Structure formats: C-alpha cells, structure tokens
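Descriptive structure summary
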Amino acid sequence: NIPKLDELVGSIAGGRVVLIETVGDIGLRLAIEFLKSAIKEGYDVFAIVPRRLKKDLRDEINARILTPNGEFSFHELFTITIIIKKLDENVGLIDILQPLLIIHNPAKVYQLFQEIGNIIRDKNGVLLAIIDKRLVDEQTLTMFETEADCVIEIEEIVEGLKIRRGIRIKKSPKK
C-alpha cells in the first residue's frame with residue numbers, strides 16, 4: 001500500500017494490470033514502492049527490467065529480476081510470454097516496453113502486453129507496466145491504456161527552478 005496512491009486508486013485487487021504513464025524515472029520509483037509494499041504483505045514479486053537497472057533494483061528489493069539476453073530476448077517476443085507463464089510470482093513490474101517499442105512495431109508490442117496481461121489476470125496477480133509517454137505517440141499510448149485495468153499518469157512540470165509533480169488516475173476499475 002502506498003498511502004497517496006491508495007487514496008486515489010483504492011487497493012488494487014488481484015487480476016489487474018496497471019499502466020503507469022510517466023516521464024523519466026518517477027514512475028519506476030512509484031512501482032518500486034508498490035513492490036516493497038507487496039513484499040511486506042508476503043507476496044513474491046518479479047521485475048522484468050533493462051539490464052542497467054538490475055543491480056540497483058537488487059539493492060532495493062528482494063525479487064526475481066529478469067533482464068534481456070539473460071532470461072529472454074528483446075528480438076523474440078514469445079520468450080517474454082514464456083517466462084511469465086513459468087513464474088511462480090504473480091505480482092510484478094515490467095519496465096521494458098520502451099526498448100521493445102523501439103525495436104518492434106507498436107501493434108506487436110501491444111499484442112505482447114495483451115498476452116502478458118491475460119497471463120497475470122489468469123494467475124489473479126497484479127502487473128505494473130511503465131511507459132514513458134514522451135517517447136510514444138498518442139495512438140500507441142491509447143492502445144496500451146485500453147488494455148490496462150488502471151492507468152496512472154504522472155507528470156513533472158518544470159517552472160523556472162521549481163519542479164511540480166502531479167498524479168492523475170486516467171482509468172480505474174472503480175471509475
């Protein structure tokens with residue numbers, strides 16, 4: 001439970017996919033806090049992240065951390081689906097959508113996201129997926145929003161020397 005997020009979204013039930021639309025790493029910070037909370041509640045968690053994040057994440061949370069060219073391949077999308085099916089953990093984070101969207105057609109990455117979401121829903125788990133909204137077009141963002149059960153938008157606005165952060169729930173199961 002993250003107090004401010006719980007206040008805005010309510011508790012996130014099993015069988016849900018949460019899309020975090022963010023700028024930079026602020027969405028990752030939020031997702032890590034969510035995973036820490038899940039671990040405290042007794043859940044086993046996983047994270048599928050770029051290799052550059054593995055060590056930092058390992059220092060912060062006790063989770064199964066999967067990276068490309070270790071357990072899966074960015075070029076062979078089916079390998080990602082296979083490892084998620086095999087995982088015993090059912091609460092997790094996916095922070096690889098950005099590199100996948102650079103390599104593959106957005107429709108293929110959306111299809112992968114849909115498959116992963118269905119696997120997590122079947123396991124009655126919770127999945128957090130992060131996407132940097134500056135790096136995708138509106139149509140691609142809308143595709144991912146459609147598949148997610150909950151969409152959280154995090155905004156950072158720089159005004160002179162001040163940085164204002166805002167969070168908005170764009171989509172929630174509770175409306």
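Only a predicted model underlies this, so the values are computations on that prediction, with no experimental measurement involved.

Glancing now at the overall build of the chain. Along its length, the chain carries seven helices and seven strands. Written out in order from the N terminus, the α and β elements of the chain read α-β-α-β-α-β-α-β-α-α-β-α-β-β. Computed over C-alpha atoms, the radius of gyration of the chain comes to 15 Å, within 12% of the 16 Å expected from 2.2 N^0.38 for 175 residues, which places it in the range of a compact globule. Over its C-alpha atoms, taken along the principal directions, the chain stretches across nearly 45 × 35 × 35 Å. Burial analysis of the chain (175 residues in total) assigns 51% to the buried set. Surface exposure of the chain reaches about 9,200 Å², of which carbon and sulfur atoms provide 49%. Distance between charge centres in the chain, computed from 26 positive and 27 negative side chains, equals 1 Å.

In a beta sheet, neighbouring strands are held together by backbone hydrogen bonds and run either parallel or antiparallel to one another. Taken in spatial order, the seven strands of this open sheet run β3-β2-β4-β5-β1-β6-β7, and their pairing is mixed. The sheet terminates laterally at β3 (64-66) and β7 (162-171), the two strands that pair on one side only. Here the average twist between neighbouring strands, direction ignored, is 15°. In terms of strand pairing, strand β4 (residues 91-94) meets strand β5 (residues 126-132) through four bridges, oriented parallel. By the bridge assignment for β5, Ile 94 is matched with Ala 129. Here helix α2 (residues 26-40) sits on the sheet and contacts β1 (16-22), β2 (45-48), β4, β5, β6 (150-159) and β7; the angle it forms with β4, its principal contact strand, is near 165°.

Counting 32 residues, the largest nonpolar core has Ile 48, Ile 80, Ile 84 and Phe 144 as its most contacted members. At the level of elements, β1, β2, α4 (78-86), α5 (97-103), α6 (106-122), β5 and α7 (138-147) are the ones that each hand at least two residues to this core. Ranked by residues supplied to this core, first place goes to α6 with seven residues. Those residues in contact with Ile 80 that sit more than four places away from it in its chain are Phe 72, Ser 73, Ile 96, Leu 100, Leu 112 and Ile 116. In this structure, Ile 26, Val 45, Leu 57 and Val 126 belong to the second largest nonpolar core, which totals 26 residues.

Burial of the side chains of β4 extends over both faces: Val 91 and Leu 93 are buried on one face and Gly 92 and Ile 94 on the other. When β2 meets β4, the two strands line up parallel, connected through four bridges. Residue pairing in the sheet places Ala 47 in a bridge with Leu 93 of β4.

Interhelical geometry of α6 versus α7 gives an angle of 15° and a closest axis separation of 10 Å. Classified by the angle between their axes, α6 and α7 sit roughly parallel to one another. The two elements α6 and α7 cross, and the hand of that crossing is right-handed. Here α6 contributes Pro 106, Ala 107, Val 109, Tyr 110, Phe 113, Gln 114, Asn 118 and Arg 121 to the contact with α7, which in turn contributes Thr 140, Met 143, Phe 144 and Glu 147. Class assignment of the residues belonging to the contact of α6 with α7 gives a composition of seven nonpolar, three polar and two charged.

Moving on: the packing of α4 against α6. Here α4 crosses α6 at 5°, and the two axes come no closer than 10 Å. Judged by the angle between their axes, α4 and α6 are roughly parallel. From α4, Ile 80, Thr 81, Ile 84 and Lys 85 reach across to α6, where they touch Leu 112, Glu 115, Ile 116, Ile 119 and Ile 120. Class assignment for the residues of the contact of α4 with α6 results in six nonpolar, one polar and two charged.

This paragraph deals with unusual backbone geometry. Residues other than glycine seldom take positive phi values, yet Asn 124 does so here, at roughly 60°. Note on placement: Asn 124 falls in the loop between α6 and β5.

Rules behind the numbers
- Residues numbered from 1 in each chain as written.
- Predicted model: local features only at pLDDT ≥ 70, side-chain atom pairs only at ≥ 80, totals over all residues.
- Heavy atoms only, no water.
- Helix = DSSP H or I, 4+ residues; strand = E, 2+ residues; numbered from the N terminus.
- Rg over C-alpha atoms; globule rule 2.2 N^0.38 Å.
- Buried < 20%, exposed > 50% of the residue type's maximum accessible area, 1.4 Å probe, protein only.
- Areas by Shrake-Rupley, 256 points an atom, 1.4 Å probe, with all protein chains shown as cover.
- Lys, Arg positive; Asp, Glu negative; His and termini not counted.
- Charge placed at Lys NZ, Arg CZ, Asp CG, Glu CD.
- Pairing = 2+ DSSP bridges.
- Axes fitted to C-alpha atoms, helices over the stretch in contact; angles between N-to-C directions.
- Contact = heavy atoms within 4.5 Å.
- Core = buried A, V, L, I, M, F, W, Y, C linked by side-chain atoms within 4.5 Å.
- Parallel < 35°, antiparallel > 145°, perpendicular 65-115°, else oblique.
- Left-handed = near helix turned anticlockwise from the far one by under 90°.
- Nonpolar A, V, L, I, M, F, W, Y, C, P; charged D, E, K, R; others polar.

Note that every value here comes from positions in space, so none of it alone points to a role or purpose.
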